[in-house]
Amino acid sequence: MEALDLAVIGDAWLRLFELDSLLYLMLGTLIGLIFGVLPGLGGTTALALMIPFSMNMDAGDAIILMAGVMGVAPTSGAVTAILLNTPGTAPNAATTLDGYPLAQQGRAGFAIGAAASASGLGGIIGIIFLIAMVPITREIVLMFAPTEFLLLAVLGLVTVSLSTGKKFVKSLIVGLFGLIIASVGYHEVTGEERFTFGIDYLWDGFKLVPVMIGFFAVSEMINLWAKRGSVAASGEMEAINFRQVLQGCLEPIKRWKVLLRGSAIGTGVGALPGVGGTVAAFMAYTIAVTTAKPSERDSFGKGNIVGVIAPESANNAKEGGALVPTLAFGIPGSAEMAVFLSVLVLHGMVPGPTIMTESLDIIWILIAAAAASGVIASIITISAASSIAKLTFVDSRTLVPIVLAFAMIGSYSLDNEIYDVFTTLAFGFVGFIFMRFGFPRIAFPLAIVLGPLMETSYFQTLRIGDGTLSILFDRPQSIVIMLLIVGCVAYYLKGFLTSSEGKETSA
Amino acid sequence: MKIRLDQDNLLLLLPLTAFAVGTLYIGSNYGPVSAFIPFWASIFMLITCLFVLLGMDKAVDDGEDHVAAKGESDNHNVLASGLWITVYVVMAYVVGMIPAAVAYTFFSMYFFGGKKLLMAAGTSAVLGLILFGLFEFILEKELYKGVFIEGYF
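Remember, it's a predicted structure, so these values are computed and weren't measured experimentally.

Here we take up the overall build of chain A. A count of helical and extended segments in chain A gives 22 helices and two strands. Taking 2.2 N^0.38 as the reference for a compact globule, 507 residues should give roughly 23 Å; the C-alpha atoms of chain A span a radius of gyration of 22 Å, in line with that estimate. Taken over 507 residues, chain A has a buried fraction of 63%. Approximately 17,800 Å² of chain A is accessible, and the part contributed by carbon and sulfur atoms is 65%. Taking the 27 positively charged and 35 negatively charged side chains of chain A as two groups, their mean positions are separated by 15 Å.

For the rest of this paragraph, the subject is empty space enclosed by the protein. All names here are of chain A. Applying the stated criterion to the full structure yields three cavities of 30 Å³ or more. A volume near 140 Å³ is recorded for the largest cavity. Residue lining of the largest cavity: 17 residues in total, with Gly71, Ile127, Glu319, Ala370 and Ser373 positioned closest to the centre. At the level of elements, helix 4 (59-84), helix 6 (108-142), helix 14 (306-329) and helix 17 (360-383) are the ones that each hand at least two residues to the lining of the largest cavity. Per-element tally for the lining of the largest cavity: the top contributor is helix 17, with five residues. Partitioned by chemical class, the residues of the lining of the largest cavity number nine nonpolar, seven polar and one charged.

Taken as a whole, this structure holds 33 aromatic pairs over all chains when the rule is applied. Between Phe168(A) and Tyr492(A) the ring centres are 4.7 Å apart and the planes differ by 35°, which places this aromatic pair in the tilted class. On the criterion of sequence distance, the pair formed by Phe168(A) in helix 8 (residues 168-182) and Tyr492(A) in helix 22 (residues 476-506) is long-range, its members being 324 residues apart. By relative accessible area, which is 4% here, Phe168(A) ends up buried. An aromatic cluster is built from Phe177(A), Phe206(A), Phe215(A), Phe216(A), Phe427(A), Phe434(A), Phe439(A), Phe444(A) and Phe19(B), whose rings are joined through pairwise contacts. The cationic tip of Arg397(A) hangs over the ring face of Trp225(A); the distance from NZ or CZ to the ring centre is 4.0 Å.

There is a patch of nonpolar side chains on the surface, built from Phe107(B), Tyr110(B), Phe111(B), Phe112(B) and Leu117(B) and spanning about 500 Å² of accessible area. Tracing the backbone shows Phe111(B) in helix 4 (residues 97-112).

A few words on unusual backbone geometry. Residues and elements named next belong to chain A. For Phe195, which is not glycine, the phi dihedral falls at a positive 50°. Looking at the secondary structure, you find Phe195 in the loop between strand 2 (193-194) and helix 9 (208-227). Despite not being glycine, Phe197 has its phi angle at roughly 50°, a positive value.

This part takes up the packing of helix 19 (residues 396-413) of chain A against helix 4 of chain B. Where helix 19 of chain A meets helix 4 of chain B, the axes come as close as 8 Å, and the angle between the chain directions of the two elements is 165°. As the angle between them shows, helix 19 of chain A and helix 4 of chain B are arranged roughly antiparallel. Crossing angle aside, the handedness with which helix 19 of chain A passes helix 4 of chain B is right-handed. For the pair helix 19 of chain A and helix 4 of chain B, contact is made by Arg397(A), Thr398(A), Pro401(A), Ile402(A), Leu404(A), Ala405(A), Met408(A), Ile409(A) and Tyr412(A) and by Met97(B), Ile98(B), Ala101(B), Tyr104(B), Thr105(B), Ser108(B), Met109(B) and Phe112(B), respectively. Grouping the constituent residues of the contact of helix 19 of chain A with helix 4 of chain B by class yields 13 nonpolar, three polar and one charged.

The subject of this paragraph is the interface of chain B and chain A. Opposite the 75 residues of chain B that make contact, chain A presents 70 residues. A combined buried area of about 6,400 Å² lies between chain B and chain A, and 75% of that area is made up of carbon and sulfur atoms. Summed over the shared surface of chain B and chain A, the result is one salt bridge. On the surface where chain B and chain A come into contact, there are ten residue pairs in polar contact (both at pLDDT 80 or more). Every element with two or more residues in the side of chain B that touches chain A is listed here: helix 1 (10-27), helix 2 (36-53), helix 3 (72-95), helix 4 and helix 5 (117-138) of chain B. The leading source of residues in the side of chain B that touches chain A is helix 3 of chain B, at twelve residues.

This paragraph deals with the environment of Thr424(A). Residues and elements named next belong to chain A. Along the polypeptide, Thr424 turns up in helix 20 (residues 418-436). Between the C-alpha atoms of Thr424 and Leu176, which are 248 residues apart in sequence, the distance is 20 Å. Apart from the residues within four sequence positions on either side, Thr424 is in contact with Pro210, Ile213, Gly214, Val218, Met408 and Ser411. A polar contact is formed between the side chain of Thr424 and the backbone oxygen of Asp420, at a distance of 2.7 Å.

Residue and element names in this part refer to chain A. Within the structure shown, the criterion is met by eleven salt bridges over all chains. For Glu251, the salt bridge is made with Arg255, and the minimal N-O distance between the two is 2.9 Å. Owing to a relative accessible area of 8%, Glu251 belongs among the buried residues under this scheme. Members of the salt-bridge network, linked through shared partners, are Arg15, Asp58 and Asp61.

To continue, consider helix 2 (residues 19-37) of chain A. Across its 19 residues, helix 2 of chain A extends 27 Å between first and last C-alpha, which sits within 8% of the 27 Å expected from 1.5 Å per residue. Buried within helix 2 of chain A we find Ser21(A), Leu25(A), Gly28(A), Thr29(A), Ile31(A), Gly32(A), Leu33(A), Phe35(A), Gly36(A) and Val37(A).

This next bit is on the nonpolar core. Judged by nonpolar contacts, the single largest core of 173 residues is most densely connected at Phe340(A), Met45(B), Ile85(B), Tyr88(B), Met97(B) and Leu131(B). If you tally residues by element for this core, the top one is helix 17 of chain A, at 15 residues. Listed in part, the 31 residues of the second largest apolar core include Leu84(A), Ile265(A), Val306(A) and Ala314(A).

A few words on helix 4 of chain A. Residues and elements named next belong to chain A. Look at helix 4: 38 Å from first C-alpha to last across 26 residues, which is about the 38 Å you get at 1.5 Å a residue. At Ala73, helix 4 shows its maximal kink, close to 35°; a proline, Pro74, follows between one and four residues later. Where burial is concerned, most of helix 4 is hidden: 26 out of the 26 residues are buried. Positioned one or two residues after helix 4, Asn85 has a phi angle of 60°, which is positive.

On to the confidence of the model for chain A, then. For chain A, per-residue confidence averages 82 on the pLDDT scale, and residues scoring 70 or more make up 90% of the total. Mean pLDDT per element in chain A: helix 18 (residues 385-390) of chain A is the minimum at 68, and helix 20 of chain A is the maximum at 94.

Take the confidence of the model for chain B next. One rule of thumb: low pLDDT means the predicted coordinates there are not for detailed reading. Residues with a pLDDT of 70 or more make up 87% of chain B, whose mean pLDDT is 86. In the model output, the complex is listed with pTM 0.79 alongside ipTM 0.92.

So, how was this worked out
- Residues numbered from 1 in each chain as written.
- Chains lettered and ligands numbered in written order.
- Predicted model: local features only at pLDDT ≥ 70, side-chain atom pairs only at ≥ 80, totals over all residues.
- Heavy atoms only, no water.
- Helix = DSSP H or I, 4+ residues; strand = E, 2+ residues; numbered from the N terminus.
- Rg over C-alpha atoms; globule rule 2.2 N^0.38 Å.
- Buried < 20%, exposed > 50% of the residue type's maximum accessible area, 1.4 Å probe, protein only.
- Areas by Shrake-Rupley, 256 points an atom, 1.4 Å probe, with all protein chains shown as cover.
- Lys, Arg positive; Asp, Glu negative; His and termini not counted.
- Charge placed at Lys NZ, Arg CZ, Asp CG, Glu CD.
- 1 Å grid on protein atoms, 1.4 Å probe; cavity = no way out; pocket = protein on both sides within 12 Å on 5 of 7 lines; lining within 4 Å.
- Points joined across faces, edges and corners; volume = space filled by probe spheres on them.
- Nonpolar A, V, L, I, M, F, W, Y, C, P; charged D, E, K, R; others polar.
- Phe/Tyr/Trp six-rings, centres within 6.5 Å; stacked < 30°, edge-to-face > 60°.
- Lys NZ or Arg CZ within 6 Å of the ring centre and 35° of its normal.
- Patch = residues over 30% accessible without salt bridge, like charges linked within 9 Å, V, L, I, M, F, W, Y side chains within 5 Å.
- Salt bridge = Lys/Arg side-chain N within 4 Å of Asp/Glu carboxyl O.
- Axes fitted to C-alpha atoms, helices over the stretch in contact; angles between N-to-C directions.
- Parallel < 35°, antiparallel > 145°, perpendicular 65-115°, else oblique.
- Left-handed = near helix turned anticlockwise from the far one by under 90°.
- Contact = heavy atoms within 4.5 Å.
- Buried area = accessible area lost by both parts, 1.4 Å probe.
- Polar contact = N/O pair within 3.5 Å; in protein donor to acceptor, adjacent residues only side chain to side chain.
- Expected span 1.5 Å × (residues − 1).
- Core = buried A, V, L, I, M, F, W, Y, C linked by side-chain atoms within 4.5 Å.
- Bend = angle between axes of the 7 residues up to and from the residue.
- pLDDT = per-residue confidence, 0-100.

Shown next, in the form of structure tokens:
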């Protein structure tokens, strides 16, 4: 199948405009909207909760549903950032810097219009980048053998952990814990039973869905219940003027340089595994400030619309960029992408060469759905901003039992297995404990998804290398990846040694 | 560089270290292919746990966003939260998924959320109907009906 086969691309768009597909897209958008608005929940929780429902669908519909969720979460998070100074998702924090002052000046509609429009346009630019990368990526991926996939999995864990900055080692611990959890049950190749302790339920290992739902959704519910009160602190909400919204929509087009620069930063940063939207949004904001005219710089932080356009365009453009390593190498750019990766795996698609050659139709459906969901999200956000913001005033005593019911029933309904509910609860506690101790959780889903891939690649590498791993040093691709792994660890150690010396000197 | 025990993370790191030692011990008994992840992951986990446990990462991570060290009342809230969420799972096991969801939502809203009786009852009833319609009708999934109908494990 050719990467840019027009018939496949056309089919993907036609598929998207079928009634079922549109309904799934709208449903995904609606769910993503609700979760995107609620601080602390976000797209990852929404995706984890959607996995059981997607299992009954065919792969295309499931991808459309998930694309709907992913496309809208960053956009809707901007509404509460502007109206309530409470970012729905972490990357929206950059939007509060100028968005909230604009709202306080009575220009909330203007800021929301600009944010939604910048998000939609940024998302489309990110998708264009993804489309451009599909044929190139495919060629690169085909150069890789199991040896490289083994090393890429290690690189993925290391880079994702490195993205947590000073918490690199803690993130690695969580990733290694995830790898051990992923190894429970029969070994796929040898059939040897591991860590089952005579419990029949563990023969097939921990199932992905109950583990993911527990680790992300239930852990957040434990946290939310413990915090009490509503999701966001109730406060004064500025009124929205619809005329201002329309004016705001045109602002990113007028400031097209800011839009393009923000989108380019978003796609570039998004394509780096593990770096994520928060870095992209703040980087875009910082660059917008530093490249502004000296006379304009003082207005940042006091309600400059550029301070809304730059982070919002970067935040949405990063989705297109992040899909490149996720699809091509199975290395997700964020926790959200890691959960999305598990959806692909559950539908029988293995990221890497297989997906880039055999499931191109699905990739194009994903691209079409992601582009459409960004536009739909912007329209919904613009038209229902104040209603969306009110969702954050829902009391945790109402929200927690409802989300919990969907989480537990979703987990059970996958295999009609009551043990899965206990697994969900157990991993909810595990996820919460890591969260409470400040251990970044991003490496865990990655490890759970990459564990089986690592084991299979290791076995194949041994077979190719006649029982040894010497082949790792024979292939230039492998050597490059190994150098990257060493480079990442060296980068952390350099920072570690510098900080140690600094602390000793100051002491 | 001074080495001192990381007191803030002790409660988490000690079990994790024990977990790493346990998996290393068990994992090293498997065949060479099956032991790949259990063996190497537990070795690296042990090293990284000891690294943090001995406070060596304090040079770069000052743990400023560490939340476990909050006050006693906060710990009490967390414990209560964990227990209350466990109650849902126990209820689901005993009376079935949907009745548990309805009852749990009602109790959460009425007793803990201070909502009016009608509001709590209405919301929980609507939730029950949505869950029933979505799972039993649309997705055609037969949900767990409780230990009295389905029997023990």
